[in-house]
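Spelled out from the first residue to the last, the chains are:
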Amino acid sequence: MASSTLAELTTLTCMFFILLVPFAAAGLSLMNVGLGRSRSAGHMMMASLCAIAVAGIAYFVIGFAWQGVVGGPAHVLNVSGKSWNWIAAEPFFLRKLSSDSWYASLIALLEIFSVGLAALIPLGSGADRWRLRAICLSTAVLAAFTYPLFAHWVWGGGWLAQLGVNYGIGRGFLDASGAGTIQTVGGLTALAVTWILGPRRGKYSADGMAPAIPGHNSVFVLFGCILALIGWTGLNTAGAMLFTGAAPTGAPLIAINTLLAASASALTAAFITKARFGKPDASLTSNGWVGGLVASSACCAFVSPAEALIIGSIAGTAITFSIEMLELRLEVDDPGGAISVHAVGGMWGLLALGIFGEFRGPVPNVAGNGLSGFVTVTGVAPEQWLAQLIGIATLLGFVLPLTYMANFILNRFYSYRVSVEGERQGMDLHELGAGAYPEFMTHTDEFLPR
Amino acid sequence: MKAMGVLMLPAGWFLVLAAVLLFPSPALRGAFAVVGFGVEALGLGLTFRSHLIPREEKK
């Protein structure tokens with residue numbers, strides 16, 4: 001087959017899978033709406049739209065220039081004779097793209113959707129108290145600086161991807177479809193935002209109790225899970241093809257692994273909640289479902305279906321207990337469970353790749369400042385677990401402080417948290433001037449201070 | 001305590017980076033990196049603790 005025909009075929013296949021990714025955004029938005037209060041439902045959906053829009057524009061203006069693609073211009077430090085590629089130097093405003101640069105165009109398309117997905121994650125944590133303008137500000141910082149920087153290190157031929165070539169540590173840090181770059185970065189931003197915002201009024205009382213504030217629509221939440229599956233299938237397949245060189249023929253196995261990880265994770269969460277509370281919890285089960293999807297993002301292209309089941313089961317267990325620990329012991333009020341689902345699930349997926357991953361197909365051979373092509377290697381990579389651990393350490397030791405400081409400074413200039421009166425009234429009426437369900441009966445007790 | 005917790009996160013990360021740069025031996029490199037990761041975990045614990053809500057502010 002002629003190389004131009006192959007390129008067109010790969011482009012078309014990738015395009016198909018990339019265009020499924022907005023379903024993941026729709027699913028997450030619905031889940032965030034359903035897990036919040038009814039008086040903030042319209043605000044949450046409006047915030048989701050604004051976050052996707054701001055993220056896309058910020059990524060277009062600055063983000064892509066700093067993320068770049070493998071082999072593109074970049075700033076490189078020389079440390080002990082080894083090159084440390086730390087940030088791309090592409091032109092701003094996506095000026096690199098043309099109809100001939102199909103690889104870069106596909107990456108830009110996938111990333112512009114992915115950065116919107118990452119921007120949605122903190123919304124679930126800041127539900128019912130995070131102001132709309134503050135959401136837009138925080139999203140702009142995420143999409144223009146935090147996300148592209150880490151994405152360059154992993155997907156743009158940066159120093160994390162070069163760990164294998166430079167230091168013989170496995171095949172460098174691998175993240176096929178964004179468990180680290182999208183999910184964990186979003187989850188850690190959610191943690192930073194939650195710390196800055198503080199809990200909702202009435203969440204923690206002086207007597208040490210933390211009453212549950214249940215979501216208002218479990219149907220939205222569970223339907224969001226189904227939409228998320230479609231989106232994640234596209235995200236995982238497109239990511240594996242673009243960033244790890246997976247062939248289009250590998251797409252069915254990636255989709256199977258994605259579904260199996262989500263299924264095992266959701267069923268584990270349902271089983272644990274049934275065993276502990278007498279009935280399966282819909283909210284935690286749906287969190288388990290998405291957590292399984294998140295964990296699968298790192299390793300879906302490198303594990304067998306049986307291993308995907310194990311990875312999903314462990315994700316479901318970790319997420320269920322993490323949500324409880326964050327809420328009850330660490331007093332982190334995260335209505336959407338975003339920190340546990342995306343940060344804990346994402347980091348587990350990255351580590352699982354180091355434990356279970358086998359490389360049967362091509363993986364990127366990142367040498368020096370660029371990609372010299374995809375090479376076919378087989379077997380388990382020695383020290384791959386260490387490469388993954390270094391990536392996770394970078395997320396916790398660099399990305400979390402960076403996003404925390406950035407949001408802390410923004411909060412000093414423009415307060416993130418809505419006023420007490422606004423929180424009591426509900427974000428819909430206070431910020432948008434109209435409720436999401438104007439014809440529904442209002443429960444007056446929701447408006448009383450707790 | 002909050003500042004110390006947040007500062008311990010990059011401190012642990014620098015230890016992990018130092019392990020990559022300084023130790024060619026896989027065993028030593030792995031052990032040093034795990035220690036760096038441990039420092040990060042301590043920093044994370046400290047940061048969580050510093051964000052606990054004081055009793056008088058709970059309402």
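The shown structure was predicted, so the numbers you read here are calculated from the model rather than taken from an experiment. (Residues numbered from 1 in each chain as written. Chains lettered and ligands numbered in written order. Predicted model: local features only at pLDDT ≥ 70, side-chain atom pairs only at ≥ 80, totals over all residues. Heavy atoms only, no water.)

What about helix α5 (residues 132–155) of chain A?
Along an α-helix, residues three or four positions apart point the same way, because every turn accommodates 3.6 residues. Our working rule: To get the bend at a residue, fit one axis to the 7 residues ending there and another to the 7 starting there, then take the angle between the axes. Elements are defined by DSSP. Helices are runs of H or I of four residues or more, strands are runs of E of two residues or more, and each kind is numbered from the N terminus. Under the scheme applied here, a residue whose accessible area is under 20% of the maximum for its type counts as buried, over 50% as exposed, and between as partly exposed, the area being computed with a 1.4 Å probe on protein chains only.
The sharpest bend along α5(A) measures roughly 40° and falls at Leu142(A). Where burial is concerned, most of α5(A) is hidden: 18 out of the 24 residues are buried.

Some words on the confidence of the model for chain B
Interpreting fine coordinate detail is not advised for predicted regions of low pLDDT. The test is simple: Residue-level confidence of the predictor, termed pLDDT, takes values from 0 up to 100.
In this model, chain B carries a mean pLDDT of 92, and residues with pLDDT of at least 70 account for 97%. Here the predicted complex scores 0.94 on pTM and 0.97 on ipTM.

Side note on the nonpolar core
What counts, and what does not: Each nonpolar core is a collection of buried residues, namely Ala, Val, Leu, Ile, Met, Phe, Trp, Tyr and Cys, held together in the definition by side-chain atoms within 4.5 Å. Pairs of residues are marked as contacts when any of their non-hydrogen atoms sit within 4.5 Å.
With 137 residues, the main nonpolar core has Phe150(A), Trp159(A), Leu160(A), Val290(A) and Ile390(A) as its most contacted residues. Setting aside its immediate chain neighbours within four residues, Leu160(A) contacts Phe150(A), Trp153(A), Val154(A), Gly172(A), Phe173(A), Ile390(A), Gly391(A) and Thr394(A).

Overview of the side chain of Gln67(A)
Locating Gln67(A) in the fold gives a position in helix α3 (residues 41–67). Classification of Gln67(A) by relative accessible area gives buried; the value is 0%.

Remarks on the packing of aromatic side chains
Inclusion rule: Here is the rule: rings of Phe, Tyr and Trp (six-membered ring for Trp) pair when centre to centre is within 6.5 Å. Planes less than 30 degrees apart are stacked, more than 60 are edge-to-face, and the remainder are tilted. Either the NZ atom of lysine or the CZ atom of arginine qualifies as a charge over a ring when it sits within 6 Å of the ring centre and within 35 degrees of the ring normal.
Scanning all chains against the criterion turns up 22 aromatic pairs over all chains. Pairing Tyr59(A) with Tyr147(A) gives two aromatic rings, centres 6.4 Å apart and planes at 75°, and the pair type is edge-to-face. Of this pair, Tyr59(A) sits in helix α3 while Tyr147(A) sits in helix α5; the two residues are 88 residues apart in sequence, bridging distant segments of the chain. Accessibility assignment for this pair places Tyr59(A) and Tyr147(A) in one class, buried. The interplanar angle of 20° and the centroid separation of 6.5 Å between the aromatic rings of Trp153(A) and Trp13(B) together place this pair among those described as stacked. Taken together, the residues span two chains, with Trp153(A) in helix α5 and Trp13(B) in helix α1 (residues 2–22). Judged on exposure class, the residue Trp153(A) and its partner Trp13(B) are both buried. The rings of Trp84(A), Phe150(A), Trp153(A), Trp159(A), Tyr167(A), Phe173(A), Phe398(A), Trp13(B) and Phe14(B) are connected pair by pair, giving a single aromatic cluster. Across from the ring centre of Tyr167(A), 5.8 Å away, lies the NZ or CZ of Lys82(A), which sits over that ring.

Points about a nonpolar patch on the surface
Inclusion rule: Patches here: salt-bridge-free residues with over 30% relative accessible area, like charges joined within 9 Å, nonpolar side chains (Val, Leu, Ile, Met, Phe, Trp, Tyr) joined within 5 Å. A 1.4 Å probe and the Shrake-Rupley method give the accessible areas. Residues count as covered only by the protein chains that appear here. The working definition used for a salt bridge is a side-chain nitrogen of Lys or Arg within 4 Å of a carboxyl oxygen of Asp or Glu.
A cluster of nonpolar side chains, Ile57(A), Phe60(A), Phe92(A) and Phe93(A), forms an exposed patch at the surface whose accessible area comes to about 370 Å². Position of Phe60(A) relative to the elements: it lies in helix α3.

What to know about the interface of chain B and chain A
The criterion, for reference: Two parts lose some accessible area (1.4 Å probe) when they are put together, and adding that loss for both gives the buried area. Two N or O atoms count as a polar contact when they lie within 3.5 Å, although within protein this holds only if one can serve as hydrogen donor and the other as acceptor, and sequence-adjacent residues are included solely when both atoms are side-chain atoms. Residue type decides the class: Asp, Glu, Lys and Arg count as charged, Ala, Val, Leu, Ile, Met, Phe, Trp, Tyr, Cys and Pro as nonpolar, and the leftover types, Gly among them, as polar.
Taken together, the contacts link 25 residues of chain B with 38 residues of chain A. Summing both partners gives a buried area of about 2,800 Å² for chain B against chain A, and 74% of it is carried by carbon and sulfur. When the shortest N-O distance is used, the salt bridge between Arg29(B) and Glu383(A) registers 2.8 Å. Here chain B is connected to chain A by five residue pairs in polar contact (both at pLDDT 80 or more). Looking at the side of chain B that touches chain A, the elements with two or more residues in it are α1 and α2 (26–50) of chain B. Sorting elements by how many residues they give to the side of chain B that touches chain A places α2(B) first, with 10 residues. Residues belonging to the side of chain B that touches chain A are distributed by class as follows: 16 nonpolar, three polar and six charged.

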